[in-house]
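Chain and residue survey
As a plain string of letters, each chain reads:
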Amino acid sequence: MSDRNNTPIVVKSKELALEIIKLCKKLRDEKREYSLADQMLRSGTSVGANVKEAIRGISDKDMYNKFGISLKEASETEYWLEIISESGFLTKGEIDKAYKLCQECLKLLITILKHKI
């Protein structure tokens, strides 16, 4: 694995994606909630996918554009986690790990984008 794959944002966004996958499986299997699970799955796994694209961007502009998309996807994921918890489909305790990972990704992405060239 290259050094690019061990950066904090790559590691955290991958951890977030894996946690989101677990939560979506729980939503589908135990709660029979498919629409919210699909929405959260798309945004939650997109964070890391766009981070990976960003670190291999063909230009600085491309790189920052992909990081910007990752930030938007992380914000959307945060929203779905809040909605799923507040609606009672899953408890705060059940989403806590994913929520914390999402917050960490948001902070890292904001920091990256603030240091834009």
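Preceding block: the structure.
Everything numeric here is computed off the predicted structure, so don't read it as measured data.

1. Some words on the environment of Lys61
Within the secondary structure layout, Lys61 lies in helix α3 (residues 60-86). Since its relative accessible area comes to 71%, Lys61 is described here as exposed. Sequence separation between Lys61 and Lys116 is 55 residues, and the spatial gap between their C-alpha atoms is 9.3 Å.

2. Focus on the packing of helix α1 (residues 8-31) against α3
Across the interface, α1 lies against α3 with an axial gap of 12 Å and an inter-helix angle of 35°. Between α1 and α3 lies a crossing whose hand is left-handed. Along the contact surface, α1 presents Ile9, Ile20, Leu23 and Leu27, while α3 presents Phe67, Thr77, Leu81 and Ile84. For the contact of α1 with α3, the class distribution of residues is seven nonpolar, one polar and no charged.

3. Describing the packing of α1 against helix α4 (residues 92-114)
One way to put it is that α1 packs onto α4 with a least axis distance of 9 Å and a crossing angle of 150°. Between α1 and α4, the angle is such that the two are roughly antiparallel. Once α1 is placed against α4, the crossing between them reads as left-handed. Between α1, through Pro8, Ile9, Lys12, Ser13, Glu15, Leu16, Glu19, Ile20, Leu23 and Lys26, and α4, the contact on the second element is made entirely by Glu94, Ile95, Lys97, Ala98, Leu101, Cys102, Glu104, Cys105, Leu108, Leu109 and Ile112. A per-class count over the contact of α1 with α4 returns 13 nonpolar, one polar and seven charged.

4. Here we look at the environment of Leu109
Along the chain, Leu109 turns up in helix α4. On the basis of relative accessibility, which here comes to 0%, the residue Leu109 falls in the buried class. The spacing of Leu109 and Lys61 is 48 residues in sequence and 15 Å in space, taken between C-alpha atoms. When sequence neighbours within four positions are dropped, the list of residues in contact with Leu109 reads Ile9, Val47, Val51, Phe67, Ser70, Leu71 and Ala74.

Rules behind the numbers
Residues numbered from 1 in each chain as written. Predicted model: local features only at pLDDT ≥ 70, side-chain atom pairs only at ≥ 80, totals over all residues. Heavy atoms only, no water. Helix = DSSP H or I, 4+ residues; strand = E, 2+ residues; numbered from the N terminus. Buried < 20%, exposed > 50% of the residue type's maximum accessible area, 1.4 Å probe, protein only. Axes fitted to C-alpha atoms, helices over the stretch in contact; angles between N-to-C directions. Left-handed = near helix turned anticlockwise from the far one by under 90°. Contact = heavy atoms within 4.5 Å. Nonpolar A, V, L, I, M, F, W, Y, C, P; charged D, E, K, R; others polar. Parallel < 35°, antiparallel > 145°, perpendicular 65-115°, else oblique.

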